[in-house]
Amino acid sequence: MQSSTATAGVAGVPHRPQVAAHFASLEVQNHAARLGMWLFLATEILLFAGLFVIYANYRFLFPEAFALASRELNLNMGTFNTLLLITSSFTAAMAVHYAKEAKNKQVVLMFVLTILMALGFLVVKYFEYSHKFHEHQLPGPYYAFPGLTLPGASAYFTIYFLSTGLHAFHVVIGMIVLGWVTLKAMRNEFSHHNYTAVELGSMYWHLVDLVWIFLFPMLYLI
Amino acid sequence: MSAMANESFKEDREMRQEHHSGPGKYIAVWGALMVLTLVTVFTGKMHIETGALALALVIASVKGALVALYFMHLAEHQGASRVVFITSMLFVVLMLLFTLFDIGTRFRPALPNAATPQEWPVETRGQSGRYGGGLKAPGTNPK
Amino acid sequence: MSPSSSIAAEPGAVPAPDEHHEHHPSYLVDGTTLKSWLLTLDHKRIGVMYLIWVLLFFLIGGIYALVVRLELLTPGPTIIDAMTYNRAFTMHGVVMIFLFMIPAIPGAFGNFMLPLMLGAKDVAFPRLNLLSLYLLLTGAVIAIWGMINGGMDTGWTFYTPYSTHTTTTVAPILFGAFIIGFSSIATGLNFIVTTHTMRAPGITWFKMPLFVWAMYATACIQVLATPVLGLVLLLVVGEHLFHFGIFDPAQGGDPVLFQHLFWFYSHPAVYIMVLPSFGVMSEVVATFSRKNIFGYRAVAFSSLGIAFVGFFAWGHHMFVSGQSTFNAGVFAVLTMLVGVFTAIKVFNWVGTVYKGAVDFKTPFAYFCGFLYFTVFGGMTGVAFATASLDVPWHDTYFVVAHFHFIMVGATIMAFMASIHYWFPKMFGKMYHEGWGLVSAAFIILGFNATFIPQFLLGNAGMPRRYYEYPERFQTLNVASTAGASLLAFGFLISAIYLTYALVYGRRAASNPWRSRGYEWMTESPPPTHNFVGPQPTYPEEPHFYVEPKKAEVPDAV
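Residues numbered from 1 in each chain as written. Chains lettered and ligands numbered in written order. Predicted model: local features only at pLDDT ≥ 70, side-chain atom pairs only at ≥ 80, totals over all residues.

A. Region of interest: the overall build of chain C. Of the regular secondary structure elements, chain C holds 17 helices and two strands. Scaling as 2.2 N^0.38, a compact globule of 557 residues should have a C-alpha radius of gyration of about 24 Å, and chain C matches this with 23 Å. Considering only C-alpha atoms, chain C reaches an extent of 75 × 50 × 45 Å along its principal axes. Taken over 557 residues, chain C has a buried fraction of 59%. Looking at chain C alone, contacts between residues at least 24 apart form 84% of all its contacts between residues at least 6 apart. (Helix = DSSP H or I, 4+ residues; strand = E, 2+ residues; numbered from the N terminus. Rg over C-alpha atoms; globule rule 2.2 N^0.38 Å. Buried ≥ 20, exposed ≤ 12 C-beta atoms within 10 Å, placed from the backbone. Contact = placed C-beta atoms within 7 Å.)

B. Structural context of the overall build of chain B. Across its full length, chain B holds five helices and zero strands. Secondary structure elements of chain B occur, N-terminal to C-terminal, as α-α-α-α-α. Of all 143 residues assigned to chain B, the portion counted as buried reaches 28%. A separation threshold of at least 6 residues defines the contact pool for chain B, and within that pool the share at least 24 residues apart is 43%.

C. View of helix H4 (residues 82-101) of chain C. For H4(C), built from 20 residues, the straight-helix expectation of 28 Å at 1.5 Å per residue is met to within 8% by its first-to-last C-alpha distance of 27 Å. Of all 20 residues making up H4(C), 17 are buried, and the element is well covered by its neighbours. (Expected span 1.5 Å × (residues − 1).)

D. View of the interface of chain A and chain C. On the side of chain C, 30 residues touch chain A, which itself brings 27 residues to the contact. Broken down by secondary-structure element, the contributors of at least two residues to the side of chain A that touches chain C are helix H1 (26-61) and helix H5 (153-186) of chain A. When residues of the side of chain A that touches chain C are assigned to their parent elements, the largest contribution, 17 residues, is made by H1(A).

E. Layout of unusual backbone geometry. Residue and element names in this part refer to chain C. The residue after Thr160, namely Pro161, is reached through a cis peptide bond having omega -5 degrees. Mapped onto the elements of the fold, Pro161 is located in the loop between helix H6 (126-148) and helix H7 (162-165). Residue Pro525 is reached from Ser524 by a cis peptide bond, and omega for that bond is -10 degrees. Tracing the sequence through the fold places Pro525 in the segment after strand S2 (506-507). The backbone of Lys355 shows a phi angle near 60 degrees, a positive value even though the residue is not glycine. For Lys355, the location among the structural elements is in the loop between helix H12 (325-353) and helix H13 (362-385). Look at Asp395: it is not a glycine, yet its phi comes out positive at around 60 degrees. The residue Asp395 is located in the loop between helix H14 (387-393) and helix H15 (397-427) in this model. A tally of 15 C-beta atoms within 10 Å means that Asp395 is categorised as partly exposed.

F. Helix H11 (residues 296-309) of chain C, seen in detail. Residues and elements named next belong to chain C. Counted at 1.5 Å a residue, the expected span for H11 with its 14 residues is 20 Å, and the 20 Å between its end C-alpha atoms agrees. Listed in full, the buried residues belonging to H11 are Tyr296, Val299, Ala300, Ser302, Ser303, Ile306, Ala307, Phe308 and Val309. Lining the buried residues of H11 we find helix H9 (210-242), helix H10 (255-289) and H12.

G. Highlighting the interface of chain A and chain B. Across the contact, 43 residues belong to chain A and 46 residues belong to chain B. Elements with a contribution of two residues or more to the side of chain A that touches chain B: H1, helix H2 (63-71), helix H3 (75-100) and helix H6 (196-220) of chain A. Among the elements that make up the side of chain A that touches chain B, the one with the highest residue count is H1(A) (17 residues). Looking at the side of chain A that touches chain B, its residues break down into 29 nonpolar, nine polar and five charged. (Nonpolar A, V, L, I, M, F, W, Y, C, P; charged D, E, K, R; others polar.)

H. Just the packing of helix H5 (residues 104-118) of chain C against H10(C), in detail. Residues and elements named next belong to chain C. Remark: H5 packs on H10, axes separated minimally by 8 Å, with the N-to-C direction vectors making an angle of 40 degrees. Here H5 is positioned oblique relative to H10, judged by the angle of their axes. Considering only the axes of H5 and H10, their crossing is left-handed. Where H5 abuts H10, its residues Ile105, Pro106, Phe109 and Gly110 lie against Pro276, Ser277 and Val280. Taken together, the residues of the contact of H5 with H10 break down into five nonpolar, two polar and no charged. (Axes fitted to C-alpha atoms, helices over the stretch in contact; angles between N-to-C directions. Parallel < 35°, antiparallel > 145°, perpendicular 65-115°, else oblique. Left-handed = near helix turned anticlockwise from the far one by under 90°.)

I. Here's a closer look at the packing of helix H3 (residues 43-71) of chain C against H5(C). All names here are of chain C. At their nearest, the axes of H3 and H5 sit 8 Å apart, and the two run at 160 degrees to each other. Taken together, the axes of H3 and H5 lie roughly antiparallel to each other. The two elements H3 and H5 meet at a crossing, and its hand is left-handed. Of H5, the residues touching H3 (which contributes His43, Lys44, Ile46, Gly47, Tyr50, Leu51 and Val54) are Ala104, Gly107, Ala108, Phe109, Asn111, Phe112 and Pro115. The class makeup of the residues in the contact of H3 with H5 is nine nonpolar, four polar and one charged.

J. Structural detail: the environment of B:Glu119. Residue and element names in this part refer to chain B. The topology assignment puts Glu119 in the loop between helix H4 (80-105) and helix H5 (125-128). Look at Glu119 and you get exposed, because 7 C-beta atoms sit within 10 Å. Separated by 11 residues in the primary sequence, Glu119 and Arg108 have C-alpha atoms spaced 9.5 Å apart.

K. Region of interest: the environment of A:His134. Residue and element names in this part refer to chain A. Secondary-structure assignment places His134 in helix H4 (residues 104-135). Exposure remark for His134: the 8 C-beta atoms within 10 Å place this residue in the exposed category. With 11 residues separating them along the chain, His134 and Phe145 place their C-alpha atoms 9.4 Å apart.

L. Focus on the environment of A:Lys184. As for its placement among the helices and strands, A:Lys184 is situated in helix H5. Apart from residues no more than four positions distant in its own chain, A:Lys184 is found in contact with A:Glu189 and A:Ala197.

M. Examining the confidence of the model for chain C more closely. All names here are of chain C. The predicted model of chain C averages 91 in pLDDT, with 94% of residues at 70 or higher. This model gives residues 1-21 a pLDDT under 50, and the stretch forms 28 contacts once residues within four places in sequence are excluded. Across the assembled chains, the prediction reports ipTM 0.91 with pTM 0.92. (pLDDT = per-residue confidence, 0-100.)

What follows is the structure in structure tokens.
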């Protein structure tokens, strides 16, 4: 993402981006950026993996507590959030599609939709979290929900807050990144020769979606 | 253009060939993802006796594969990106597998004491103590 | 052609320094302000800065080591109390591992040499490279601040539940390590992309120098394993502050789960530490045996093999922790596989030296020490993999001696070898060879004197991390401390003559070792953009000293 800035074109026509001095050509630069992003996404996958490991182990140890605790979650809200995130992933993919066609206005539209849906996701999560705070369904020693006192219930909520919290953190980062790329699109920078920033931002967003695709059934559908 | 690694050339050729079809493909994938989400919610709510977890994981994997292959263009870009993604998935599975092996085959009293895992025979020589370990039920240790 | 450069008829010979000097200044003098160094994007300058900082961290870790060894001179209290002792060995581990061993060879020499060896002008992401350095420094500052404000007493492995209950300053040190983890990931990511995309024409995968293969394998481990450590660090800090209880048996948690997640990173981490040193040794052994590396592909693939298999072995740290016996068996067998790949390397290095025309310079002296330490450290590792042997040896000085044989014996020998091998390349000066050999002798002998008693101590049953020990172990402890002093003395001598050489050393030729390594195909020190003039012509294969057909003829060169 660093060296692919283009100057705003004359009469709205985007220019070819600059190639950094150490790269052999623009194609190499783009390939490097893409490969670098995939490697970064691999690190994010491994980061969430640790939480999945903890989840798997505790679910094995406390199957009933986990199943009952999972029923306490609002499945409608969770399903809505999943559909929202998938749609936001779709709009992000469309943004890349339009960027290749130099339709910068559609890129802006798509990313704005993506960011709005992400915001919607966070709003729903806020409602879910506040419900849990209200019911004292909290991690570890703060757990005080009288409706489920089996051992393992507090572990479930610890894992719930840790994984959805880390995920929400990544949603926020994704929104910031996409916002930045949207600003560039507003300056009409993208075209067939230069859409790397859109692609990388979109890839990050797809990862956020990918993690949620696994988190959702693991937490809500036990 | 001469000083370019072979991989970048290949990647660039793929990118040019990658035909810039309309949005139809993305809409189809999006539709499939939405449908699969509803399928997983529906089957999840049924609380199937056996195989619920496996089914949920399979559906999630299919959804994930669709996102990776089509939204993230892995179906088109061969080479290092695919290796990176698949390798990371393999290592996640590795971590899960070996920790689950441990917790599944551990001597039951060594698990957290309030745990109620599924019962299955956990008999390994070390635990039954043929060569002097002698651990049996509490209070019956021969030594 | 100046007489000190490579053989005249050789293709790709370096132009005489004077011709280009005024137009292409070396990277060291191209920009002399502090800002030009602190905000540099030049991988060579970043490498030099890494080198300076990791040497400082090595000194700090070494001071902690000396404190520990001094305390162990007598069975009872010697110079510090028990809590301080616990902090000392913890900080020795944390500083040595996170601040020195993990960043050292990749950060200093990987950064400097990788683009040169690939015929590139820089790494793929120079700004990320600079960020990587600053992340290391930021994490180090936070961790050192934590050390000064009390310091952690859990051991560098910070096992739960003690680490989540202790009142010592766990949070800043672990958070510092968390930031350093990002530095490691950034470096790894950079190296992988550089290797994939920035090779010069003619350098295919199987024409890359073996150091590049080793760095590539290391980078793969860094990218895949470090995030798990990041998560574990966050979880432990969180649990320390909020007492979630996922790793605390008193709250229904599983402490062994912590160990699984911790060692999933920390075992591959030891390969992050040791693989680069294997890469350096491949370079050194070929150069100083004046012979093509024996079994290039085997060595290249074995680097990847070690990286891959290293991920399957972590449970061997947990044989006595309460892991299931089934798992112990699985990990014991899988751990043995790593020995296979390492052995492949050892055989190939020995095969390279065999019938070579050895030029016994300081780097080669370090190679000899390295080989001996790798073999014995590695073999004791395989012995440990046998779970039944691990049970009496676990957490005794036998373990301490084993990993120091590899970490210090192998890795630091390689680090010293790389400093000496690449000193003329990086600084254009030559150090005094006699003093080089003297300090190598002190270091190798001092090292043996320090750690062989520890094997004996461990086998006799002395536990590690113990402040007091029975009287009967005192002789060996004293011997070990004496050895440590010799070791420290050896390092001190090298520090002195190397610093002297930096300032007053003789100007080195562009390729004083007459090495066929690709990084020697440019001036020493290199100009800012690495290569001046036409692209060098790369030979048939790297480390190409002898036409294979001519290898039978004794004086073929």
